[in-house]
Amino acid sequence: MDVLQLQRKLREHQAAMLREGFLDDQFSQLQKLQDESSPDFVIEVVKMFFDDSEKLLHNMTRALGQVPVDFKQVDAHVHQYKGSSASVGAARVKNVCATFRNFCETQNLEGCVRCLQQLQQEYSLLKNNLQYLFRLQEEIQAAGGSIPTIE
Amino acid sequence: MGLAAESQFHVLAVDDSLIDRMLIERLLKTSSFHVTAVDSGSKALKFLGLVEEEQRNEEPSFVAQKTHNQDVDVNLIITDYCMPEMTGYDLLRKIKESKSLKDIPVVIMSSENVPSRINRCLEEGAEEFFLKPVQQSDVNKLRPHLLKSKVKEVGEEDQLINLNRKDINEILA
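Computed from a predicted model, the values in this text were never measured in an experiment. Position numbers for residues start from 1 in each chain and track the written sequence from start to end. Starting at A for chains and at 1 for ligands, labels are handed out in the order in which the entities are written. Only residues with pLDDT of at least 70 are given local features in this predicted model, and only at 80 or more are side-chain atom pairs given and counted; all residues enter the totals for whole chains, interfaces and linings. Heavy atoms throughout the structure, all of them, feed into the side-chain values; hydrogens and water do not.

We now examine the environment of Glu110(A). What counts as a helix is a DSSP run of H or I of at least four residues, what counts as a strand is a run of E of at least two, and both are numbered from the N terminus. The residue Glu110(A) is located in helix 6 (residues 109–142) in this model. For the pair Glu110(A) and Ala90(A), spaced 20 residues apart in the sequence, the C-alpha separation amounts to 24 Å.

Now the structure itself:
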């Protein structure tokens, strides 16, 4: 595949992620902050987000497995995850976190467990989509092309 | 120390979230600020030399506050509100209670839009309250606050010079 085709693929993929709500405008803001002095900024932040996600999802799982469940503790983890997902533009993850927090407040265990499952799904989807995005970027750069920014 | 530091404003950023620290640091650097980022209120106070100052006050000391302040030249502090152990509000209060630090402008950031929280911070002396995620347009609002404090600093230096002249005249009289 040549550079032009790759660039078109990248643009389409980014547009789809925005359209389907995986990403919101905050992700575009991150891309705007990337420049020659900080060429890997987006990838670095996203890597940090992946690490954070795995840690927090693990903590939530553990907290929900305790007897009795400490909903304040669960909420603390969800609050943190809501914050970091908002910061990177992970819109669907952020929205599930908002619902999750409501269930923590009403101490609804079933609702919490369902939200945790949803979070794991959303995170997994997002991770795959972003990794594909970064792979396309790498291919374009390897072929000597420039990365089209999100409109 | 003096002339080199004039060219760039130095911002101290405080946030327990690594991602948010990366973000705020990048935002500030693209606006040409020099940035120090720490992950807690206690680390911020340590960096500002506040702990040391408290120790100094126990002994008689004739060292002017101004001299001490110049060891760490911070022009603005931007801090997250929700942090374990010491919240951004606690940090704000400690800074405003400190003779040497109270004139440094403080900005609070929070992911939650709670009007009572915002008012409390503004009443305690915070210059601005930003909702997270912080945007470039928010960071652009910082410059006027920094310029205001720079002008104040220069004013104080003039007073110091005038005072010395007065002393000299008295001695010579």
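From this point on, the discussion continues.
All names here are of chain A. In plain terms, two cysteine sulfur atoms within 2.5 Å form what is called a disulfide here. Summed over all chains, the structure comprises zero disulfides over all chains. Here Cys97 stays unpaired: no disulfide links it, and the sulfur of Cys115, its closest cysteine neighbor, is 8.7 Å away. Note on exposure labels: buried denotes an accessible area under 20% of the residue type's maximum, exposed denotes more than 50%, and partly exposed covers the range between, all computed with a 1.4 Å probe on protein chains only. With relative accessibility at 0%, the residue Cys97 sits in the buried group. We note that Cys104 lacks a disulfide partner, and the nearest cysteine sulfur, in Cys112, lies 3.9 Å from it. Given the relative accessible area of 5%, Cys104 is considered buried.

At the interface, 19 residues of chain A touch 14 residues of chain B. Buried area counts how much accessible surface, traced with a 1.4 Å probe, disappears from two parts once they are put together, with both parts' losses summed. Summing both sides of the interface, chain A and chain B together bury roughly 1400 Å²; the carbon and sulfur share of this comes to 66%. Salt bridge, as applied in this entry: a Lys or Arg side-chain nitrogen positioned within 4 Å of an Asp or Glu carboxyl oxygen. Counting every contact that joins chain A to chain B gives two salt bridges. Mapped onto the side of chain A that touches chain B, the elements with two or more residues apiece are helix 2 (25–32), helix 3 (41–64) and helix 4 (71–88) of chain A. Among the residues making up the side of chain A that touches chain B, the classes are represented as eight nonpolar, seven polar and four charged. By definition in these notes, contact holds between two residues if any of their heavy atoms fall within 4.5 Å. Classification convention: Asp, Glu, Lys, Arg as charged; Ala, Val, Leu, Ile, Met, Phe, Trp, Tyr, Cys, Pro as nonpolar; all other residues, Gly among them, as polar.

Looking now at the side chain of Glu128(B). Residue and element names in this part refer to chain B. Relative to the assigned elements, Glu128 resides in strand 5 (residues 128–131). Side-chain atoms alone can form a polar contact between residues adjacent in sequence; in general such a contact is a pair of N or O atoms within 3.5 Å, and within protein one must be able to donate a hydrogen while the other accepts it. Of the polar contacts made by the side chain of Glu128, one reaches the side chain of His145; its length is 3.0 Å. Once residues lying within four places of it in the same chain are set aside, the contact partners of Glu128 are Val106, Val107, Ile108, Leu122, Lys141 and His145.

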